[in-house]
Amino acid sequence: MLSIQSKLRYLFMFLGVQLVVMALLSREGYQKRVTYFIRIFRKSEGAGHNLSVSGSDVYANLSVLSRAPPSSEVMTYCPQTSPYIRGPIHVSFPSGLTLAQVQRKNPLVVRGGRYRPPDCESRHRTAIIIPHRNREHHLKFLLYYIHPFLQRQQLNYGIYIIHQAGNYTFNRAKLMNVGFREAMRDEDWDCLFFHDVDLIPEDDRNTYVCDANPKHAAIAMDKFGYKLPYNLYFGGVSALTPLHYLKMNGFPNNYWGWGGEDDDIGVRVSLGGMHITRPSVKVGRYKMIKHKLDKGNDINPKRFNMLSKTRQSWKLDGMNTAEYEIISRKYLPLYTNITVEIGTEAGLHTPPAAAQPAPPDSAKPDQKQLKS
Ligand code: UD2
Ligand code: MN
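The structure contained in this document is the topic of the report that follows. All values reported here derive from a predicted model rather than from experimental measurement. (Residues numbered from 1 in each chain as written. Chains lettered and ligands numbered in written order. Predicted model: local features only at pLDDT ≥ 70, side-chain atom pairs only at ≥ 80, totals over all residues.)

In terms of regular secondary structure, the protein chain is built from 11 helices and 11 strands. The buried share of the protein chain, reckoned over its 372 residues, is 38%. Looking at the protein chain alone, contacts between residues at least 24 apart form 83% of all its contacts between residues at least 6 apart. (Helix = DSSP H or I, 4+ residues; strand = E, 2+ residues; numbered from the N terminus. Buried ≥ 20, exposed ≤ 12 C-beta atoms within 10 Å, placed from the backbone. Contact = placed C-beta atoms within 7 Å.)

Take a look at the structure:
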C-alpha cells in the first residue's frame with residue numbers, strides 16, 4: 001500500500017511532466033506543431049491510392065505573406081526552396097466562384113496579373129501563356145488556383161491570356177507564338193509556361209521554373225489516369241526559356257483545329273538539338289476540367305500528314321514567320337489580356353470567303369486514341 005505522502009508525490013510528478021510538455025509545445029509554436037501532425041496524417045491518407053490525393057487548401061497560410069514586411073532596406077534573394085511549398089493541393093470546382101472573389105483572395109497581385117514576393121527578391125521570372133477563346137468559366141478556376149500556387153513558389157510572375165479574335169478555326173500553337181513575342185516585350189522573362197486553360201496543377205512542388213532543357217510539366221493528368229500517355233507527349237503544360245524557344249523556331253503556325261500541334265512541338269525540341277525533361281509523376285499532377293470539343297476547334301484532318309513533314313518545315317514555319325495583328329492589350333487586375341487576329345490558312349488579311357473552316361468531321365474518334 002502506498003502512503004498518502006507517496007501518492008501525492010506521484011501526483012505532483014505527473015503534473016510536473018504535463019507542465020514541461022506544454023511549455024515545450026508553446027515554445028516551438030503550438031500552431032506549427034499541430035499543422036505538422038495534420039500534414040503527416042494527410043500524407044499517409046494520400047499515399048495508399050493513386051487517383052485522388054487529398055491535398056491542402058491552396059490559400060492556406062498565404063495571408064502571412066501580405067503581412068510580411070521586407071526584411072531590410074536592401075532585399076535579399078528568396079531561399080532556394082520556398083518555405084511556403086506544401087505538396088498536394090486540394091482541387092475542386094465549386095459553383096458560384098467569381099473573379100471578384102479571386103481578386104479579393106489575391107491582394108498582392110497587381111495590374112496585368114503581375115506579382116513579386118513582398119519579402120525577398122525572387123530568383124525566377126516566369127510568364128504563363130494561356131491560349132484562349134470562349135472558356136471564361138475554365139479561366140476563372142485556373143486563376144483561382146494558379147495565383148496562390150505561384151505565390152507559394154516565390155516567383156516573380158505574370159499571367160497572359162492570348163485571346164483569338166473572331167470565329168475562324170482555333171489555332172493553339174500560333175497563339176503561343178503571339179504570347180511569346182508579346183510577353184517578352186513587357187519583361188525579360190527567363191521562363192515561359194505554355195499552359196492550357198483547363199489544367200489545374202495539383203502539387204506545388206511542381207515548380208514553374210525552367211530546366212536546362214524544355215520541360216513538359218503535365219506528365220500525370222487525371223484524363224490519362226495520372227500516367228504519361230506516350231513518351232514524346234508534350235501537350236498540356238510545357239516550359240521553355242526564350243533561348244529554347246528560339247532554338248526550335250518556336251511553335252508551328254499552320255495547325256488549325258484540334259490535334260497534332262503538341263507532337264510537332266515535341267519533335268521540334270529534338271530538331272533544335274534539345275531533349276524533353278519532366279518532373280516526377282508524383283509531382284507533375286494535373287486535373288483537367290471536363291469539357292467537350294469546342295465549336296470552332298474541329299479535329300484537324302491534316303495533322304498526321306503535317307506531322308510527317310516537321311523535319312522539312314520547322315525552319316520555314318514558326319516564330320520567324322508568325323504574322324498577326326494585335327487588336328487590344330488590356331492590363332486587367334488578374335491577367336494581361338491580349339486579343340489577337342491571327343488570320344486563316346490563307347494569310348492574315350485574306351477575306352473569310354477565300355478560307356473556310358474545315359468541314360466538321362462526321363466520325364470523331366476518341367481523342368485519347370488520336371493522341372498516339
Ligand atoms: C489536348 C492537349 C492540348 C492540345 C490539344 C490539341 C491535354 C491535356 N492537352 O487538349 O495541349 O495539344 O489536345 O490541340 O492533353 N482552347 C480555347 N478555346 C477553344 C479551343 C481551345 O481556349 O475553343 C484552348 C484552351 O486553352 C484549351 C486548349 O486550347 O485548354 C486545348 O484545347 P482542348 O482543351 O479542347 O483540347 P484537349 O483537352 O484535347
Ligand atoms: Mn482540354
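Let us keep going from here.
Now for the pairing of strand β4 (residues 191-195). Most of β4 sits out of view: five of its five residues are buried. Across the two faces of β4 the burial is the same, with C191, F193 and H195 and L192 and F194 all buried. As paired strands, strand β2 (residues 125-132) and β4 are joined by four bridges and run parallel to one another. Bridge pairing in β4 places I128 opposite F193. (Pairing = 2+ DSSP bridges.)

Sheet architecture is open: three strands sit in the order β5-β9-β7, paired in mixed fashion. At either end of the open sheet lies a strand with only one pairing partner, and these are β5 (199-201) and β7 (220-221). Examined bridge by bridge, β7 and strand β9 (residues 285-288) share two bridges and lie parallel to one another. Its bridge partner lying in β9, A220 is registered against R285.

Attention shifts here to the environment of E182. Position of E182 among the secondary structure elements: in helix α6 (residues 172-186). Along the primary structure E182 and I162 are separated by 20 residues, whereas in three dimensions their C-alpha atoms are 9.4 Å apart.

In the vicinity of ligand 1, 26 residues are found, and the nearest of them are D196, V197, G235, D262 and D294. Of all the secondary structure elements, the ones that give two or more residues to the shell around ligand 1 are β2 and α8 (261-271). Per-element tally for the shell around ligand 1: the top contributor is β2, with three residues. Tallied by class, residues from the shell around ligand 1 come to nine nonpolar, eight polar and nine charged. (Near = placed C-beta within 6 Å. Nonpolar A, V, L, I, M, F, W, Y, C, P; charged D, E, K, R; others polar.)

Turning next to the nonpolar core. In terms of nonpolar packing, the biggest core is built from 66 residues, with I128, I129, Y145, Y160, I162, L192 and F193 touching the most fellow members. The element contributing the most residues to this core is helix α5 (residues 136-152), with nine residues. In contact with L192, not counting residues within four places along its chain, are A127, I129, F180, A183, A239, L240 and Y245. (Core = buried A, V, L, I, M, F, W, Y, C linked by C-beta atoms within 7 Å.)

Moving on, we come to the pairing of β9. On a regular strand, one side chain projects to one face of the sheet and the next to the other, so that they alternate. Direction of pairing for β5 relative to β9: antiparallel, over a ladder of three bridges. In the sheet register, P201 faces β9, and the bridge partner there is Y286.

As for its placement among the helices and strands, R181 is situated in helix α6. Placed 61 residues apart in sequence, R181 and P242 show a C-alpha to C-alpha distance of 9.6 Å.

A word on α5. For α5, spanning 17 residues, the distance from its first C-alpha to its last is 25 Å, which sits close to the expected 24 Å at 1.5 Å a residue. Taken across its 17 residues, α5 has 14 buried, putting it largely inside the fold. At the C-terminal side of α5, Q154 shows a positive phi close to 55°. (Expected span 1.5 Å × (residues − 1).)

It is generally the case that most residues other than glycine have a negative phi and that most peptide bonds are trans. With a phi close to 75°, N61 is a non-glycine residue in the positive phi region. Position of N61 among the secondary structure elements: in the loop between α2 (30-47) and α3 (63-67). Its identity as a non-glycine residue notwithstanding, Y226 has a phi of 55°, on the positive side. When the 20 C-beta atoms within 10 Å are taken as the criterion, Y226 is described as buried.

A few words on the environment of I146. Relative to the elements of secondary structure, I146 occurs in helix α5. For the pair I146 and V58, spaced 88 residues apart in sequence, the C-alpha to C-alpha distance is 9.0 Å. Ignoring anything within four residues of it in the chain, the contact list for I146 reads I128 and I159.

Turning to α6, a few remarks are in order. Taking 1.5 Å as the rise per residue, α6 with 15 residues should run 21 Å; its terminal C-alpha atoms sit 21 Å apart, in good agreement. Listing the buried residues of α6 in full gives R172, A173, K174, L175, M176, N177, V178, G179, F180 and A183.

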